[in-house]
Amino acid sequence: MTQDSSRTAASHEVPEDMRRDVGLLGGLLGQVLQEYGTESSSPASLYDDVEKLRGLCIAAVQDETDETLAEAEAFVESLDPERAKEVARAFTCYFLLANLAEEQQRIRALRARDGEIPLEEQSAADSVAAAFTHLAEEVGQREAERRLKELRFQPVLTAHPTEARRNAVTASIRRIGHLLDVRDDPRTGPAAEARSTRELFEEVDNLWRTAQLRVSNPSPLDEVRTALGVFDNSFSTVFAEAYRRMDDWLQADRAGSAAPKAPAFIRLGSWIAGDRDGNPNVTATITRRAVSQMADRVLTDLEERAHRLALSMTLDERYTPPSEKLTGLWNRLKQLSEELTTTAAEHSPREPHRQVLLAVSGRIEATRLRNADLAYDVPEQLIEDLRCVQASLAEAGARRAAYGDLQELIWQVETFGFHLAELEVRQHSAVHSQTLQWIQDPESVEKMAVPGEEVLETFRAVASVQNRYGSDAARRYIVSFTQSAQNLADVYELAAHALGGEESAPAIDVIPLFETYDDLQNAPRILEEALTHPKLQERLEQTGRRMEVMLGYSDSSKDVGPVAATLALYEAQEKIAAWAIDNDITLTQFHGRGGALGRGGGPANRAILAQPPHSVDLRFKVTEQGEVISARYGNPEIALRHIEQVAAATLMASAPSTEKRNAEAAEQFAPLAKELDDASRARFHSLIRADGFAPWFAQVTPQDEIGLLAIGSRPAKRGLSVESLEDLRAIPWNFAWSQARINLTGWYGLGTALEAVGDVEQLRRAYADWPLFRAMIDNVEMSLAKTDERIAKRYLALGDRPELSEAVLEELHLTVKWVLTITEQERLLEKHQVLGRAVQLRNPYVDALSLIQLRALKKLRSKDLQENEIEDPRNLLLLSLKGVAAGLQNTG
């Protein structure tokens, strides 16, 4: 069965509620388009043109012939430049609205299933409760509780393009989502529904009239503001809600009236305005300002929460007497500020717990305003005061007041500190080496990659951040392209030089980042060498022999292809975990995943459960980037579900049964892994190492134009010429292939590898018994479902290397054949109704935007294109890039 027929044969029923929302939003957009005036010379209205192209693309999917698609392509070519841009904008708006309708359906499903499945019927991956129950059955209740306390999830927001759409568009979508949620409320009457329809109409009209392209690239501080928007909308409430849900289950009838058993297991990190590898826009000044903005936001939030809590704590001392420790705390607060405590006492006579909390709120405000006399020095001081209030309440019998909202405030401080997200610095190892050379002999360096003084100023910025907000605010330093132990030692040497000596240097945990295939292979040796360095040994002792190692998914996949990279990453994790055990090191493996499948994307919980034994050990740290941030955390209910799934998987990854299964599968299928590795890598290299591949790649995809799309502060290239892929960043590498509807980075080489094995029964056994292989096949299936051969052929035709195009199509056919054979399906995503429905609904509309993009690319590739003719096709192309990204829900 061909990839096209597999795709179009899918027919998944759309839930009625979702159909209603799509119809409502699509209908409102249609009315907006009908009302919209235009200067276009087209005799038809914009609405008519959009509907005609939509009908042609749907028909082209249904009849599976090239004639109807060619008719749609001809229609796109007939549109004048202004109308073509309007049509592209219309389809992009449709996708934004359709995505929202699908998200709303996911929320309905989450609400419907909440509490419906009895615990004994849940799989370990369904919830933390189920995971804990399964774990306790294996290791005993006490050991399971101990492990729960060690649980840690660390999502790290990265400085890669945080969102392909503008913040203004995101805000509009968020408002529309809220209005859809209002309509779902059973208490909504006819009048409220009519009002929401009117407001929806207004918002859809605003969305249509909002420019989809940024005028200029966002700055790193713009990216910080985007992240702060996610904090306001989601993080600020969802993390504490996750802890509360866990504690409610653990405590049962004692929930909310006993000391919590659920730990504050999430710590948020950020590379935004800290990742300076290849990004000259991130400077030490920017880093300081970013931390200041994040700290201001979280301190404001803590202050408001503490104040609201204080106002509600109206417990009279006759019924809830203060403990001696609380009285002592109050006396210390009076010594700090008579004015603050006098005001608190006047507003709350005979209410000692309220008085203390009002004063605590005042101290948080002082911390935010940098009032040194009254401010808390570190978050631990605030937690100590809050626990004093909590203990006093519990001692007086007010246990629900002690472990209710007050406990959630404590969880907030434990999670966010005074900094919200720990800012992690990242820099390339070569920059450090060059800077040290410059320090020793300035004349020996002809051209600095980064000014030496700026490199040193980064360490001074880290020191000032730690002095202001505590060491946890910025102590992790990632070294890109770590290729030796000396690369790690360089960081400590530079820090000492920048601060005038080791005694003045900030506390730094240096994290090696192994990115390329060769670096992954060499990681255990480099780590072993690192243990001999005195400064690294000293830091290990200071941290209780805790260490992080980061693994890059993007560059390894670009080096050897998705299959060999997946296997190499597994092997590296396995060896690094064994190295840590041998050296009594508590290891956290930091996963540098992206949104695209070619960058380690896919369901996080499934990936966690497929990791080697001891590579997780109750700690999961991962980069969150691109559209993944909005998809996973933009909506609080979806974010809560994601967190629960990750927590459950992280608990279960260390269960004896999980480790045994993964270890046995790795041993059993080791020969198969070797065969898959060799064959897939050879096939991948035969393509990307072919003479002239890089310029051909630039011809058949919009790779060059992606650099013009203002979606992030980071340049798309590290000084790339089209003669080499070495310095091309992984985001445009993946983004370009997905835009061309080929998605090559997610599957190329797998078909050849499976064909080389040829043993269907063995491959099906591997799919059933080897979690890593199953996750890889399922991810590839998803990638193939978003691939469209008919459209892909039109992109490949832009190049002048038919043999390379043929290689791509042959591998596509082979991969589809084997994925369907292994999964025992007639069509892609046949057994995944939700995913299948999403792809089925989107593909015809993505086709329309792809045809518009092809029109623009052909014009831009035209040899007789004049300078004054570039603007129209370039703008059309950029609009289509946004639209296809929205349709595929993938930027890379």
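Residues numbered from 1 in each chain as written. Predicted model: local features only at pLDDT ≥ 70, side-chain atom pairs only at ≥ 80, totals over all residues. Heavy atoms only, no water.

Helix and strand counts for the chain come out as 39 helices and 9 strands. Over its C-alpha trace the chain gives a radius of gyration of 28 Å, about what one expects of a compact globule, namely 29 Å for 892 residues. Once the C-alpha set of the chain is aligned to its principal axes, its extents read approximately 85 × 70 × 60 Å. Out of the 892 residues in the chain, the part that is buried amounts to 61%. Counting contacts in the chain only where the partners sit at least 6 residues apart, residues at least 24 apart contribute 81% of the total. About 34,900 Å² of surface is accessible on the chain, with carbon and sulfur atoms providing 48% of the total. In the chain, 102 side chains carry a positive charge and 138 a negative one; their mean positions are 3 Å apart. (Helix = DSSP H or I, 4+ residues; strand = E, 2+ residues; numbered from the N terminus. Rg over C-alpha atoms; globule rule 2.2 N^0.38 Å. Buried < 20%, exposed > 50% of the residue type's maximum accessible area, 1.4 Å probe, protein only. Contact = heavy atoms within 4.5 Å. Areas by Shrake-Rupley, 256 points an atom, 1.4 Å probe, with all protein chains shown as cover. Lys, Arg positive; Asp, Glu negative; His and termini not counted. Charge placed at Lys NZ, Arg CZ, Asp CG, Glu CD.)

Ranked by size, the top nonpolar core spans 118 residues in total, and within it L53, W770 and F773 carry the most contacts. For this core, the element with the highest residue contribution is helix α5 (residues 81–113), accounting for 13 residues. If we skip the residues at most four places from it in the chain, L53 touches A72, F75, V76, V87, F91, A848 and I852. Counting residues in each nonpolar core, the second largest holds 100 residues, with L250, L309, L357 and L618 among its members. (Core = buried A, V, L, I, M, F, W, Y, C linked by side-chain atoms within 4.5 Å.)

A separate point is the packing of α5 against helix α38 (residues 833–861). Interhelical geometry of α5 versus α38 gives an angle of 160° and a closest axis separation of 10 Å. Here α5 lies roughly antiparallel to α38, going by the angle between them. The two elements α5 and α38 cross, and the hand of that crossing is left-handed. Two secondary-structure elements touch here, α5 through P81, A84, V87, A88, F91, T92, Y94, F95, N99, E102 and Q105 and α38 through R837, A838, R842, Y845, V846, A848, L849, I852 and R855. Grouping the amino acids of the contact of α5 with α38 by side-chain chemistry returns 13 nonpolar, 3 polar and 4 charged. (Axes fitted to C-alpha atoms, helices over the stretch in contact; angles between N-to-C directions. Parallel < 35°, antiparallel > 145°, perpendicular 65-115°, else oblique. Left-handed = near helix turned anticlockwise from the far one by under 90°. Nonpolar A, V, L, I, M, F, W, Y, C, P; charged D, E, K, R; others polar.)

Attention shifts here to the packing of α38 against helix α39 (residues 871–888). Orientation of α38 relative to α39, taken along the N-to-C sense of each, is 155°, at an axis distance of 8 Å. Comparing the axis directions of α38 and α39 gives the class roughly antiparallel. The hand of the α38/α39 crossing is left-handed. Facing α38, whose interface residues are R842, V846, L849, S850, I852, Q853, R855, A856, L857, K859 and L860, α39 presents P873, R874, L876, L877, S880, L881, G883, V884, A886, G887 and L888. Of the residues that constitute the contact of α38 with α39, the class distribution is 13 nonpolar, 5 polar and 4 charged.

A word on helix α17 (residues 405–416). An ideal rise of 1.5 Å per residue puts 16 Å on 12 residues; α17 measures up with 17 Å between its terminal C-alpha atoms. For α17, a buried count of 9 out of 12 residues is recorded, marking the element as mostly surrounded by other parts of the structure. Turning to α17, its buried residues are L406, Q407, L409, I410, W411, Q412, V413, T415 and F416. Among the structural elements, α10 (220–251), α11 (284–312), α15 (379–395) and α16 (399–403) are those in contact with the buried residues of α17. (Expected span 1.5 Å × (residues − 1).)

With that settled, consider the pattern of salt bridges. Oppositely charged side chains can pair when the atoms bearing their charge come close. For the structure on display, the rule yields 68 salt bridges. Among the salt bridges present, the one from E351 reaches R354, with a minimum N-O distance of 3.2 Å. With relative accessibility at 15%, the residue E351 sits in the buried group. Accessibility expressed as a relative area gives 13% for R354, which makes it buried. Notably, a salt bridge pairs E624 with R632, separated by 2.8 Å at the nearest N-O pair. Shared partners join several salt bridges into a network, and the residues in it are D17, R20, D21, R108 and D184. (Salt bridge = Lys/Arg side-chain N within 4 Å of Asp/Glu carboxyl O.)

So, on to the packing of aromatic side chains. By the definition in use, this model includes 26 aromatic pairs. A centroid spacing of 5.6 Å and a plane angle of 15° characterise the contact between F239 and F416, whose relative ring orientation is stacked. Of this pair, F239 sits in helix α10 while F416 sits in helix α17; the two residues are 177 residues apart in sequence, bridging distant segments of the chain. Look at F239 and you get buried, because its relative accessible area is 1%. Between F669 and W770, the ring centres sit 5.5 Å apart and the planes meet at 5°, which makes this aromatic pair stacked. Of the two residues, F669 sits in the loop between α28 (656–668) and α29 (670–688) while W770 sits in the loop between α34 (760–769) and α35 (771–785), which places them 101 residues apart along the sequence. (Phe/Tyr/Trp six-rings, centres within 6.5 Å; stacked < 30°, edge-to-face > 60°.)

Our focus in this paragraph is the side chain of N487. Among the secondary structure elements, N487 is positioned in helix α20 (residues 485–499). With residues up to four places along the chain from it excluded, the contact list for N487 reads S429, S433, V479, F481 and T482.

Counting through the fold element by element, W411 comes out in helix α17. Overall, the relative accessible area of 1% leaves W411 in the buried class. The spacing of W411 and A240 is 171 residues in sequence and 6.3 Å in space, taken between C-alpha atoms. Beyond its immediate stretch of four places on either side in the chain, W411 contacts A240, Y243, R244, D247, P260, A262, P263 and A264.

What follows is about unusual backbone geometry. Notably, L420 is not glycine yet its phi reads approximately 75°, a positive angle. Along the chain, the position of L420 falls in the loop between α17 and β3 (422–423). Given a relative accessible area of 4%, L420 falls into the buried group. A positive phi angle, close to 55°, is found at E824, a residue other than glycine. You can see E824 is positioned in the loop between α37 (802–823) and α38.

We now examine the side chain of T68. Its place among the elements puts T68 in helix α4 (residues 66–78). If sequence neighbours within four positions are ignored, T68 has contacts with L56, A59, A60 and D63.

Take helix α33 (residues 750–757) next. Burial in α33 covers these residues: L750, G751, A753, L754 and V757. Down the axis of α33, the buried side of the element spans an arc of 165°, and every buried residue falls inside it. Residue G758 follows α33 closely and has a positive phi angle near 75°. (Arc of directions from axis to C-beta.)

Read across the open sheet, the 9 strands follow the order β3-β2-β1-β9-β8-β7-β6-β5-β4; overall the sheet is parallel. Of all the strands in the sheet, just β3 and β4 (425–428) have a single pairing partner and so form its edges. Where strand β8 (residues 586–592) meets strand β9 (residues 619–624), 2 bridges bridge the pair, whose relative direction is parallel. Looking at β9, one finds that F590 is bridged to K621. With respect to the sheet, helix α24 (residues 562–582) is in contact with β7 (546–552) and β8, its orientation differing from that of β8 by roughly 160°. (Pairing = 2+ DSSP bridges.)

Our next topic: the pairing of strand β5 (residues 476–480). Summarising burial for β5: 5 of the 5 residues are buried, a large majority. Burial along β5 is two-sided: R476, I478 and S480 facing one way and Y477 and V479 facing the other are all buried. Sheet analysis places β4 next to β5, joined by 4 bridges and oriented parallel. Paired with V425 across the bridge in β5 is Y477. Bridge count for β5 against strand β6 (residues 509–514) is 4 bridges, and the pairing is parallel. Residue pairing across strands places R476 opposite D509, the latter belonging to β6.

The next subject is the state of the cysteines. With the rule as written, the count across this model stands at 0 disulfides. Looking at the unpaired C93, the closest cysteine sulfur is the one in C57, lying at 17 Å. Relative accessible area serves as the criterion here: at 0%, C93 is assigned to the buried category. (Disulfide = S-S within 2.5 Å.)

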